[in-house]
Amino acid sequence: MSLILDMREVVVDARPPYDGGLNRVSLSLSPGELFLVRVPDGAPITPLADAACGMLVPEAGAVLFDGREWASCSADEAAAARGRIGRVFERAGWLSNLDVDENITLAQRYHLRRTPEETLEEARALARELGMSGIPAGRPAFVERELLLRAQWIRALMGKPALVLLERPGRDMSANEVAPLVSAVNKRREHDGTAVLWLTDAHERVADSALRATQKCAMEEGVLRPLDTP
């Protein structure tokens, strides 16, 4: 079985906008697997997700997505590959001059040439699946923080992504509030073979058996250390 994500001895120096670096980080994800990473309390910004999706060039090591090293891709090839990756961003992640629904559907309309009507229909169905009454209206600056975070869940799961990167997707939420996301993620792991990299600073999330994590590690000073898996 081919790997969706393969990070090999990746080194990234600690530098802005990150609060820390990566020190010879290796991890791999096959289709349907979920790799859970516990980040330190307070969640200093890590470059792990940016490295995984080829948004930065590591000082050493290699990162491959679906068998292709990011460093070997042209700009157009890398952009097309990232069209197959869903993400909940640690910070904002919104285009301020687009409404929330336009933000959510943008990648699908751009990369897959899907119609606005088709993408909105899927986004609304996802909102219902994720326990939301609908898609927040208006510009991101005028939508409350928790609703924007939940809207990122919708965007991350749009279109059958090969890989989903979740940076603290349940921050400041209870296990019950995050349960619809866990269920939706597991459904796509089972039905579509989606691979998932989930970062959290919540200890209860690490112990949550509903996540069915394939691997669990803690990020400590840029090093991934295995955690006991129940």
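Note: the structure precedes this text.
Residues numbered from 1 in each chain as written. Predicted model: local features only at pLDDT ≥ 70, side-chain atom pairs only at ≥ 80, totals over all residues. Heavy atoms only, no water.

Colleague: What exactly am I supposed to notice about the layout of surface pockets here?
Modeller: To find leftover empty space, a probe the size of one water molecule is rolled over the atoms. Approximately 910 Å³ is the volume found for the largest pocket. The wall of the largest pocket is formed by 35 residues, among which R82, I85, R87, F89 and A107 lie closest to the centre. Looking at the lining of the largest pocket, the elements with two or more residues in it are α2 (75-82), β6 (85-88), α3 (100-111) and α5 (145-157). Residue contributions to the lining of the largest pocket peak at 6 residues, all from α3. Looking at the lining of the largest pocket residue by residue, the class counts come to 18 nonpolar, 8 polar and 9 charged. Estimates place the volume of the second largest pocket at around 180 Å³. Taken together, F89, E90, R91, A92, W94, P140, R145, L148, L149, Q152 and R171 make up the lining of the second largest pocket. (1 Å grid on protein atoms, 1.4 Å probe; cavity = no way out; pocket = protein on both sides within 12 Å on 5 of 7 lines; lining within 4 Å. Points joined across faces, edges and corners; volume = space filled by probe spheres on them. Helix = DSSP H or I, 4+ residues; strand = E, 2+ residues; numbered from the N terminus. Nonpolar A, V, L, I, M, F, W, Y, C, P; charged D, E, K, R; others polar.)

Colleague: I tried to follow a nonpolar patch on the surface on my own but got confused; where do I start?
Modeller: Judged by side-chain polarity, L95, L106 and Y110 come together as a nonpolar surface patch covering roughly 290 Å² of accessible area. Tracing the backbone through its elements, the reader meets Y110 in helix α3. The exposure class assigned to Y110 is exposed, which follows from its relative accessible area of 54%. (Patch = residues over 30% accessible without salt bridge, like charges linked within 9 Å, V, L, I, M, F, W, Y side chains within 5 Å. Areas by Shrake-Rupley, 256 points an atom, 1.4 Å probe, with all protein chains shown as cover. Salt bridge = Lys/Arg side-chain N within 4 Å of Asp/Glu carboxyl O. Buried < 20%, exposed > 50% of the residue type's maximum accessible area, 1.4 Å probe, protein only.)

Colleague: Looking at this structure, I do not really get the packing of aromatic side chains. What am I missing?
Modeller: A ring pair, where both rings are aromatic, is described by two values, the distance of the centres and the angle of the planes. Here the structure, examined in full by the defined rule, presents 1 aromatic pair. One residue, R155, lies across the ring of W94, its end atom 4.3 Å from the ring centre. (Phe/Tyr/Trp six-rings, centres within 6.5 Å; stacked < 30°, edge-to-face > 60°. Lys NZ or Arg CZ within 6 Å of the ring centre and 35° of its normal.)

Colleague: Sorry if this is basic, but what is going on with the pattern of salt bridges here?
Modeller: Where charged atoms of side chains with opposite charge meet at close range, the side chains can pair. Enumeration over the complete set of coordinates arrives at 17 salt bridges. For the salt bridge of R87 with E167, the shortest nitrogen-to-oxygen distance reads 2.8 Å. Taken together, the positions of R87 in strand β6 and E167 in strand β7 (residues 163-167) put the pair 80 residues apart, joining distant regions of the chain. Accessibility classification places R87 together with E167 in one group, the buried group.

Colleague: What is the right way to read the sheet that holds strand β9 (residues 215-220) from this model?
Modeller: Strand pairing in a sheet relies on backbone hydrogen bonds, with the paired strands running either antiparallel or parallel. Across the sheet, which stays open at both edges, the 6 strands sit in the order β6-β7-β8-β3-β9-β10 with mixed pairing between neighbours. With one partner strand each, in any of the chains shown, β6 and β10 (223-226) form the two edges of the open sheet. Across the sheet, the axes of successive neighbouring strands diverge by a mean angle of 20°, strand direction being ignored. Examined bridge by bridge, strand β3 (residues 34-38) and β9 share 4 bridges and lie parallel to one another. Bridge pairing in β9 places F35 opposite Q215. Helix α6 (residues 175-192) contacts β3, β7 and β8 (195-200) of the sheet and is inclined by roughly 155° relative to β8. (Pairing = 2+ DSSP bridges. Axes fitted to C-alpha atoms, helices over the stretch in contact; angles between N-to-C directions. Contact = heavy atoms within 4.5 Å.)

Shape descriptors only; they carry no functional weight alone.
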